[in-house]
Amino acid sequence: MRTSELLVIGHRNPDTDAICSAIGYAEFKRRTGSPNAEPCRCGDTNDRIDFVLQTFAVPPPRFVPDVSPKVRDVMADDLVIVSLEATLLEALALMDERGIRVLPVIGDEGVCKGLVSVFKMNKVFCPEPGRLFDARRVLVSLNNVARTLKADVLTGRDMDSEEELILMITVMSGDSFASRLRKYPAECVAAIVGDRRDIHELAVRGRVRVMIVTGDAPVDAAIVEEARANGVTVLMSPHDTTTTTMLCRAAVRVRHMVHEHFLSFRADETLREVQPIAANSNFHVFPVLDQTNRMVGILAKSDFLKKVDRRLILVDHNELSQAVEGADQVEILEIIDHHRLGALTTSQPILFRNEPVGSTSSIVADCFFRHQIELPSNIAGLLLAGLVSDTLNLTSPTTTERDGEILRKLEKISGVSAAEFTEKLFASGSILTSLPPAQAINMDCKEFEEHGRVFSVAQIEELGFDQFWKRKGDLLEALERQRRQKQYYFAALFVTDVVRKTSMLLITGDASFLKAIDYPQREPGVYELEGVVSRKKQLLPYFINCLQRGGAAKPTPNRAEPVTMV
Ligand SMILES: [Mn+2]
């Protein structure tokens with residue numbers, strides 16, 4: 001987590017009000033002391049929402065499917081790493097500089113090969129009591145020794161390959177040195193020598209692998225010549241004997257010190273899942289890898305103590321079941337809504353504004369008005385869209401007088417006519433205009449079986465019947481194709497005008513059944529069902545009645561239960 005986040009977010013399967021009120025309220029928060037407020041959404045937009053956003057030239061809110069604290073929120077992403085080829089000295093210098101005890105080791109293309117720790121490296125400098133001989137051996141390349149010592153190479157041979165060397169420090173008489181040399185294979189000996197010419201001669205004539213001269217002591221040119229002839233590498237170390245010996249050990253490559261077993265996580269794993277796994281492991285740091293095992297961060301056990309500074313403002317809902325995934329794991333700062341109260345509890349007191357008005361956009365607009373905050377015209381347009389969308393331009397039974405007052409102000413500020421905009425809004429989301437007939441009749445189609453007859457009833461909500469009249473021929477054909485294919489007794493499409501709260505019925509099927517329909521027939525296969533809006537409560541019982549008796553009483557128009565899109 002780099003910065004504090006304040007996400008203003010609507011419900012799952014967002015509608016126009018959820019998106020517009022989130023954008024509007026984030027704007028309000030930014031203008032009233034919360035510059036980090038950001039509108040978000042946890043679901044896809046639809047044609048209607050896209051139309052609104054395009055009309056007012058506002059980008060869709062950021063898609064945030066899950067707000068639960070994640071590994072990425074607390075991991076370190078300024079990677080401190082070493083390569084397999086680095087020397088221990090380089091690794092130690094880096095750890096010292098950054099104050100860390102464990103480093104990830106990176107191979108080709110950034111793939112994590114393991115970890116190297118101070119603890120493990122310490123064994124190179126201080127072997128276990130049972131393996132003291134190890135203090136003399138070292139697996140290095142002469143190039144790395146020279147680099148680590150910052151030594152001058154007076155003469156060198158085959159310096160790239162790694163080999164096991166036996167360090168021999170010549171603080172002894174020439175005789176002792178000569179007899180000591182005989183004990184070990186000369187081609188493995190790294191003789192660390194001072195300024196004694198007799199020792200230099202012994203080493204070169206004894207054909208040691210390398211002679212390391214400490215303290216920049218002078219070496220006779222003739223000795224160097226002889227060394228070259230004998231294939232003896234001669235290095236000039238600027239350090240004293242003790243330091244030189246220590247640094248020879250630090251020339252070992254990191255690749256020999258890697259813990260290849262390690263525990264890694266992915267950046268998008270939740271801390272809730274990862275924490276018990278990390279706690280039960282012996283590791284203290286965990287590389288964070290992407291799908292291709294490249295390192296993207298490092299997580300330390302102590303990172304679990306960090307507080308993830310992500311707070312939510314919920315708009316247009318107040319129930320956790322409708323909220324973005326993970327909402328229960330972060331702080332909810334405010335709720336702005338117009339729905340019934342659901343079961344949501346918080347650990348802290350919060351600002352909870354719930355008003356029985358027609359839309360959340362109405363409440364958000366009211367926030368600007370009440371606090372006399374300047375409302376930009378495009379945001380006013382969005383809030384107008386949210387308001388008319390939820391209230392079907394003030395006609396739904398959820399509409400209040402306050403919605404009307406607010407809508408008039410929004411019209412003024414945005415310069416948009418609510419009536420005209422509502423028409424465009426519902427036309428833009430029209431299933432009849434946006435989908436081919438065969439798909440349109442299946443968007444919300446249900447199959448029923450009654451009295452041994454199988455039939456289908458689809459419903460489409462529209463603003464007015466203009467599009468219906470233009471497409472009824474194609475729709476009827478599509479219905480008939482579907483009916484034959486599925487061998488339905490009849491197939492019906494119920495098109496409801498959501499503003500006038502009335503419907504047209506398009507139907508194809510058995511002739512004797514069609515005769516039983518006693519609503520006014522406008523055209524073959526087209527009936528007008530004045531005041532009928534509910535498939536479940538009105539139309540289906542009517543059809544069942546027709547099936548039973550070959551004719552039935554019309555259901556009474558039910559204005560108490562209008563179709564709403566809220
Ligand atoms: Mn709403």
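Conventions and cut-offs
- Residues numbered from 1 in each chain as written.
- Predicted model: local features only at pLDDT ≥ 70, side-chain atom pairs only at ≥ 80, totals over all residues.
- Helix = DSSP H or I, 4+ residues; strand = E, 2+ residues; numbered from the N terminus.
- Rg over C-alpha atoms; globule rule 2.2 N^0.38 Å.
- Contact = placed C-beta atoms within 7 Å.
- Expected span 1.5 Å × (residues − 1).
- Buried ≥ 20, exposed ≤ 12 C-beta atoms within 10 Å, placed from the backbone.
- Arc of directions from axis to C-beta.
- Pairing = 2+ DSSP bridges.
- Core = buried A, V, L, I, M, F, W, Y, C linked by C-beta atoms within 7 Å.
- Axes fitted to C-alpha atoms, helices over the stretch in contact; angles between N-to-C directions.
- Left-handed = near helix turned anticlockwise from the far one by under 90°.
- Nonpolar A, V, L, I, M, F, W, Y, C, P; charged D, E, K, R; others polar.
- Parallel < 35°, antiparallel > 145°, perpendicular 65-115°, else oblique.
- Domains from an automatic or database assignment.
- pLDDT = per-residue confidence, 0-100.

**Student:** Quick question: what am I supposed to make of the overall build of the protein here?
**Tutor:** Looking only at helices and strands, the protein features 20 helices and 24 strands. Its C-alpha atoms give the protein a radius of gyration of 40 Å, more than 25% over the compact-globule value 24 Å for 566 residues. Its C-alpha atoms put the protein at 125 × 60 × 40 Å along the principal axes. Within the protein, contacts between residues at least 6 apart in sequence are counted, and of these 63% link residues at least 24 apart.

**Student:** Help me out: how do you make sense of helix α14 (residues 401-414) in this one?
**Tutor:** Given 3.6 residues to a turn, an α-helix orients residues that are three or four positions apart in the same direction. Counted at 1.5 Å a residue, the expected span for α14 with its 14 residues is 20 Å, and the 20 Å between its end C-alpha atoms agrees. Regarding α14, the residues found buried are Asp403, Ile406, Leu407, Leu410, Ile413 and Ser414. Buried residues in α14, looked at end-on, bunch into an arc of 125°, giving them a common side. The exposed set on the far side of α14, more than 90 degrees from its buried face, consists of Glu401, Arg408 and Lys412. Against the buried residues of α14 lie α12 (360-370), α13 (377-391) and α15 (418-428).

**Student:** I tried to follow the sheet that holds strand β14 (residues 285-289) on my own but got confused; where do I start?
**Tutor:** Pairing in this open sheet of three strands is mixed, and the strands run β13-β14-β15 from one edge to the other. With one partner strand each, in any of the chains shown, β13 (265-266) and β15 (295-300) form the two edges of the open sheet.

**Student:** Is there a simple way to think about the nonpolar core in this case?
**Tutor:** Within soluble globular proteins, side chains that are nonpolar tend to cluster in buried spots. Core analysis: the biggest nonpolar cluster contains 65 residues, and Val116, Ala191, Met211 and Leu235 have the highest contact counts within it. When residues in this core are grouped by element, the largest group, five residues, is from strand β10 (residues 189-193). Excluding its chain neighbours within four sequence positions, the residues that come into contact with Met211 are Ala191, Val193, His200, Ala203, Val204, Ala227, Val232 and Val234. Membership of the second largest hydrophobic core comes to 58 residues, among which are Val364, Leu382, Leu383 and Val388.

**Student:** What is the right way to read the sheet that holds strand β16 (residues 310-315) from this model?
**Tutor:** Each strand in a sheet pairs with another by means of backbone hydrogen bonds, the pair being arranged parallel or else antiparallel. Here six strands make up an open sheet; going across it, the order is β3-β2-β1-β16-β17-β18 and the pairing parallel. Where the open sheet ends on each side, the last strands, each with one partner, are β3 (62-63) and β18 (351-354). Two elements, strand β1 (residues 5-9) and β16, share five bridges in a ladder whose sense is parallel. Each residue of the ladder has a partner; that of Val8, found in β16, is Ile313. Where helix α1 (residues 16-30) meets the sheet, its contacts fall on β1, β2 (37-41), β16 and β17 (331-337), and the angle it forms with β2 comes to roughly 170°. Contacts from α12 reach β16, β17 and β18, with the element oriented near 100° to β17.

**Student:** I keep staring at the packing of α12 against α13 and nothing clicks. Help me out?
**Tutor:** Describing two packed helices takes the angle between their axes plus the distance from one axis to the other. Packing of α12 against α13 leaves a shortest axis separation of 7 Å and a crossing angle of 145°. Where α12 crosses over α13, the two elements pack in a sense that is left-handed. Of the residues in α13, those touching α12 at Thr360, Ser361, Ser362, Val364 and Ala365 are Leu383, Gly386 and Leu387. Partitioned by chemical class, the residues of the contact of α12 with α13 number four nonpolar, four polar and no charged.

**Student:** Explain unusual backbone geometry here, please?
**Tutor:** Peptide bonds are mostly trans, and most non-glycine residues show a negative phi. You will see that Ala57, though not glycine, has its phi angle at about 50°, which is positive. As for its placement among the helices and strands, Ala57 is situated in the loop between α2 (47-55) and β3.

**Student:** So what exactly am I meant to see when it comes to the environment of Tyr519 here?
**Tutor:** Structurally, the position occupied by Tyr519 is in the loop between α19 (511-515) and β23 (521-523). In this structure Tyr519 comes out as partly exposed when scored by C-beta crowding, with 15 C-beta atoms within 10 Å.

**Student:** Is there a simple way to explain the packing of helix α4 (residues 88-98) against helix α5 (residues 118-125) in this structure?
**Tutor:** One can describe the packing of α4 onto α5 by two numbers: an axis separation of 11 Å at closest approach and a directional angle of 135°. When the axis of α4 is compared with that of α5, the two are oblique. Here the hand of the crossing between α4 and α5 comes out left-handed. Note on element contacts: α5 touches α4 through Val118, Met121 and Val124, opposite Leu88, Ala91, Leu92 and Met95.

**Student:** Before we go on, may I ask you to explain the domain arrangement of the protein in this structure?
**Tutor:** Frequently, the measure chosen for interface size is the accessible area removed from exposure when the parts meet. Taken domain by domain, the protein consists of domain 1 (5-68 + 309-426) and domain 2 (435-549). Computed over C-alpha atoms, the centres of domain 1 and domain 2 are 35 Å apart. Taken residue by residue, the interface counts four residues in domain 1 and four residues in domain 2. A per-class count over the side of domain 1 that touches domain 2 returns two nonpolar, one polar and one charged.

**Student:** Just to check I follow, could you spell out the environment of Tyr184 for this structure?
**Tutor:** With respect to the helices and strands, the residue Tyr184 is situated in the loop between α7 (174-183) and β10. In this structure the C-alpha to C-alpha distance between Tyr184 and Met168, which are 16 residues apart in sequence, comes to 9.9 Å. Contacts of Tyr184, omitting those with residues within four sequence positions, involve Ile166 and Val189.

**Student:** Mind showing me how you'd approach the confidence of the model for the protein here?
**Tutor:** Where the model shows low pLDDT, its predicted coordinates should not be examined in detail. In this model, the protein carries a mean pLDDT of 89, and residues with pLDDT of at least 70 account for 95%. When pLDDT is averaged over each helix and strand of the protein, the minimum, 80, is found for strand β19 (residues 445-450) and the maximum, 98, for β2. Counting interchain partners and residues more than four positions distant, the pLDDT-below-50 stretch residues 551-566 has 40 contacts.

**Student:** I'm lost on the pairing of β19 in this one. Help?
**Tutor:** On a regular strand, each side chain points to the face opposite its neighbour's, so the side chains alternate between the two faces of the sheet. Burial of β19 is sparse: only zero of the six residues sit out of reach of the surface. Taking the residues that link successive antiparallel strands as the turn, the β19-strand β20 (residues 453-462) hairpin has two residues, and the phi of His451 there is positive, at about 50°.

**Student:** I would appreciate a short explanation of the pairing of strand β5 (residues 102-106) in the present structure.
**Tutor:** With five of its five residues buried, β5 lies for the most part within the structure. Of the two faces of β5, the one lined by Val102, Pro104 and Ile106 and the one lined by Leu103 and Val105 are each fully buried. The pairing of strand β4 (residues 82-83) with β5 spans two bridges and is classified as parallel. For Ser83, the partnering residue across the bridge sits in β5 and is Ile106.

**Student:** I keep staring at the environment of Pro60 and nothing clicks. Help me out?
**Tutor:** In this fold, Pro60 is placed in the loop between α2 and β3. The exposure class assigned to Pro60 is partly exposed, which follows from the 17 C-beta atoms found within 10 Å. With 390 residues separating them in the primary sequence, Pro60 and Glu450 have C-alpha atoms 45 Å apart. Here Pro60 is in contact with Arg41, Thr45 and Leu53, once residues within four sequence places are set aside.

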